[in-house]
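Structural description and commentary
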Amino acid sequence: GERYIPLAFALRLAEEYRRRDARKAALLTPREAEVVKLVARGGSNKRIAATLAISIHTVRAHIRSASDKLGAGSRIQVVTKAMQAGLLTRQDIIG
C-alpha cells in the first residue's frame, strides 16, 4: 500500500529545505550572484566576461564557486538551485 506523510511534517520538511537553500544562497558574493543571473539569461562565459569587464577565467571561477556553494553539478543546476533558494526570479532571467 501507499504511505502518506502527515501534512504538518511535510510542511516542516519543505520549510527546512527552503531555509537550507536560503542559507546557501546567502553565501554567494554579489559578483557570484550577478554571474549566476547572466548564466540564467543564457550568457556564455565569453559574453558574461565582456558584459562585466572581467576575464573568462574569472567568470569560470565565479561559476565554480557558486556551484560549490549551492551544491550544483552543472550550469543548469546552478540556475535551478539559485531559483529554488530565491536568488533568481523569473524576471531576473527574462530581463
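Every chain is numbered on its own, with residues counted from 1 as its sequence reads. Under the rules for a predicted model, residues below a pLDDT of 70 receive no local features and side-chain atom pairs below 80 are neither given nor counted, while totals for whole chains, interfaces and linings still include all residues. Computation of side-chain values covers all heavy atoms of the structure but excludes hydrogens and water.

A short note on the pattern of salt bridges
Proximity of charged atoms lets side chains of opposite charge pair with each other. The rule for a salt bridge is simple: a side-chain nitrogen of Lys or Arg has to be within 4 Å of a carboxyl oxygen of Asp or Glu. Tallied over the entire structure, the rule returns three salt bridges. Among the ionic pairs, E34 bridges to R31, the shortest N-O distance being 3.0 Å. With E34 and R31 both in helix α2 (residues 30-40) and three residues apart, this pair spans about one turn of that helix. In this structure E34 comes out as partly exposed when scored by relative accessible area, which is 34%. The numbering of helices and of strands both runs from the N terminus, where a helix is a DSSP run of H or I of at least 4 residues and a strand a run of E of at least 2. Whether a residue is buried, partly exposed or exposed follows from its accessible area with a 1.4 Å probe, protein chains only, as a fraction of its type maximum: under 20%, in between, or over 50%, in that order.

What about the nonpolar core?
Most often, soluble globular proteins keep nonpolar side chains buried together rather than apart. Ranked by internal contacts, the top residues of the largest apolar core, which has 18 residues, are V35, V36, V39, I48, V59 and L88. Counting only elements with at least two residues in this core, the list comes to α2, α3 (45-52), α4 (56-70) and α5 (75-84). Per-element accounting of this core gives the leading share, five residues, to α2. Residues are treated as being in contact if the distance between any of their heavy atoms lies within 4.5 Å. With sequence-adjacent residues up to four places away left out, L88 is seen in contact with V36, K37, A40, V79, A82 and M83. Side-chain atoms within 4.5 Å are what join buried Ala, Val, Leu, Ile, Met, Phe, Trp, Tyr and Cys residues into a set we call a nonpolar core.

Considering a nonpolar patch on the surface
Taken together, the side chains of I5, F9, L13 and Y17 define a hydrophobic patch exposed on the protein surface, amounting to about 390 Å² of accessible area. Locating F9 in the fold gives a position in helix α1 (residues 7-26). Any residue with relative accessible area above 30% and no salt bridge may belong to a patch, with like charges joined within 9 Å and the nonpolar Val, Leu, Ile, Met, Phe, Trp and Tyr side chains within 5 Å. In short, Shrake-Rupley with a 1.4 Å probe defines the accessible areas, and a residue's cover is counted only from the protein chains shown.

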